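Here is what each chain is made of, one letter per residue.
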Amino acid sequence: MNERTELPDGIYFDLSFEDYLAEQRISSSALTALMEGPSAFWAKSWMNPDKPEREESDAMLLGTAYHCARLEPEKFADLYCRELVVEDLAEEGFKVLRNGTEIGVELGERGATKKKAGESIMQQAERLDAILQEDPDHKVRIWPLTERIWRDGLDGKTPIAPKYWAEILRDMERIRDNAELSELITGGVAEVSILWTDPESGIRCKCRPDYLGADFVTHLKTWDARTMGKPGNMAIA
């Protein structure tokens, strides 16, 4: 059995999501598992020594990004960025070399060996880049090299695909411009962890409201009715 964390009951404003998950208490997801049956609950709980590590799927990552944009917009730009794609360079008027074959052709046109024995694509790209530096007016971008430089400069930010990045920004703007919705995510605190012990059963419980106000709780859910294959009202239900 995993070592049990012993945070006392209380309201925590700065508890990380990972530390919240580590708390061995009953939550809404635990109750959902219990509705499947005791074995399902045990298998997904801290009591299972072979419980697999939690892996964040693309859908979960995207949902987390949407949550951050809606509830903590001041943190969004520090945690996420738009992913750089080949099309960005092409739209700026550059000739984009996407792979080793295209890099080799460019090398050949500039009088260099297309590909040396045992040379990796990145080494090939760096060799071409050195040649391009002698031509200040060149309009060529080497994608493997450009992408590596871009990723090295992420500084811990999580990249979001351009399609979803645009959707998230529109979503942020629409919600903040809607007085009724904006009121539900203003004046409170996002991602608050609440730990308590049920007085009748003595069971230790936990919950993490998306947004906690002085006299209200706001909970957000993100879904894609298209991928669920259901109309919007059925997806909500």
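All figures in this text were calculated on a predicted structure; none of them were measured in a lab. (Residues numbered from 1 in each chain as written. Predicted model: local features only at pLDDT ≥ 70, side-chain atom pairs only at ≥ 80, totals over all residues. Heavy atoms only, no water.)

So, the packing of helix 4 (residues 58-71) against helix 10 (residues 162-177)
We count it as follows: Here, axes are lines fitted to C-alpha atoms. For helices the fit covers the stretch in contact, and angles between N-to-C directions go from 0 to 180 degrees. A run of DSSP states H or I qualifies as a helix once it reaches four residues; a run of E qualifies as a strand once it reaches two. Both are numbered from the N-terminal end. By the definition used in this description, the sense in which the near helix is turned from the far one sets the handedness, with an anticlockwise turn below a right angle giving left-handed and a clockwise turn giving right-handed. In this analysis, two residues are considered to be in contact whenever any of their non-hydrogen atoms come within 4.5 Å of each other. Three classes are used: nonpolar for Ala, Val, Leu, Ile, Met, Phe, Trp, Tyr, Cys and Pro, charged for Asp, Glu, Lys and Arg, and polar for all others, with Gly counted as polar.
Packing of helix 4 against helix 10 leaves a shortest axis separation of 9 Å and a crossing angle of 30°. Every pair of crossing elements has a handedness; the one defined by helix 4 and helix 10 is right-handed. Across the interface between the two elements, Leu62, Ala65, Tyr66, Ala69, Arg70 and Leu71 of helix 4 pack against Tyr164, Glu167, Ile168, Asp171, Met172, Ile175 and Arg176 of helix 10. Taken together, the residues that form the contact of helix 4 with helix 10 break down as nine nonpolar, no polar and four charged.

Let's talk about the packing of helix 8 (residues 121-132) against helix 9 (residues 143-152)
Spelled out, the test is: Reported orientations rely on four angle classes, namely roughly parallel under 35 degrees, roughly antiparallel over 145, roughly perpendicular from 65 to 115, and oblique for the rest.
With their axes 8 Å apart at the nearest point, helix 8 and helix 9 run at an angle of 95° to one another. In terms of orientation, helix 8 lies roughly perpendicular with respect to helix 9. Contacts between helix 8 and helix 9 involve Ile121, Met122, Ala125, Glu126 and Asp129 on the former and, on the latter, Pro144, Leu145 and Arg148. Looking at side-chain class alone, the contact of helix 8 with helix 9 contains five nonpolar, no polar and three charged residues.

As for the pairing of strand 7 (residues 193-197)
Definition in use: At least two DSSP bridges between two strands are needed for those strands to be called paired.
Pairing geometry for strand 1 (residues 10-12) and strand 7, over three bridges, is antiparallel. Considered in strand 7, the bridge of Tyr12 is made with Ser193. Across four bridges, strand 7 lies against strand 8 (residues 204-207) in antiparallel orientation. Bridging from a neighbouring strand, Leu195 pairs with Lys206 of strand 8.

A closer look at the pattern of salt bridges
Here is the rule we go by: Salt bridge criterion: a side-chain nitrogen from Lys or Arg within 4 Å of a carboxyl oxygen from Asp or Glu. The cut-offs for exposure are 20% and 50% of the maximum accessible area for each residue type, with area from a 1.4 Å probe on protein chains only; residues under the lower value are buried, those over the upper are exposed, and the others partly exposed.
Throughout the structure, instances matching the rule amount to 16 salt bridges. Across the pair Arg204 and Glu23 runs a salt bridge, and its minimum N-O distance is 3.9 Å. Here Glu23 lies in the loop between helix 1 (17-22) and helix 2 (28-36) and Arg204 lies in strand 8, a separation of 181 residues in the sequence. The pair formed by Arg204 and Glu23 is uniform in burial state, with each residue classed as buried. Of the charged contacts in the structure, one is a salt bridge between Arg208 and Glu191, with a shortest N-O distance of 3.3 Å. Of the two residues, Arg208 sits in the loop between strand 8 and strand 9 (211-212) while Glu191 sits in the loop between strand 6 (189-190) and strand 7, which places them 17 residues apart along the sequence. Assigned by exposure class, Arg208 and Glu191 land together as buried. Put simply, Lys95, Glu106, Glu109, Arg110 and Asp135 are held in one network by salt bridges that share partners.

Focus on the environment of Leu7
Along the polypeptide, Leu7 turns up in the segment before strand 1. The exposure class assigned to Leu7 is partly exposed, which follows from its relative accessible area of 26%. Distance in space between the C-alpha atoms of Leu7 and Asp19 is 9.9 Å, their sequence separation being 12 residues. Apart from residues no more than four positions distant in its own chain, Leu7 is found in contact with Tyr12, Leu15, Glu23, Arg25, Leu195 and Arg204.

Some points on a nonpolar patch on the surface
Condition: Candidate patch residues must exceed 30% relative accessible area and have no salt bridge, after which like charges are joined if within 9 Å and Val, Leu, Ile, Met, Phe, Trp or Tyr side chains if within 5 Å. The protein chains shown are the only cover counted for residues, whose accessible areas, like all others here, come from Shrake-Rupley with a 1.4 Å probe.
Taken together, the side chains of Ile11, Phe13 and Val189 present a nonpolar region at the surface, about 280 Å² in accessible area. Positionally, Val189 belongs in strand 6. Val189 gets classed as partly exposed once you look at its relative accessible area, which sits at 31%.

A look at the sheet that holds strand 6
Spatial strand order, 6-9-10: three strands in an open sheet with antiparallel pairing. Sheet topology places strand 6 and strand 10 (217-218) at the edges, where each strand pairs with a single neighbour. Here strand 9 runs beside strand 10; their pairing, made up of two bridges, is antiparallel. In the sheet register, Leu212 faces strand 10, and the bridge partner there is Val217.

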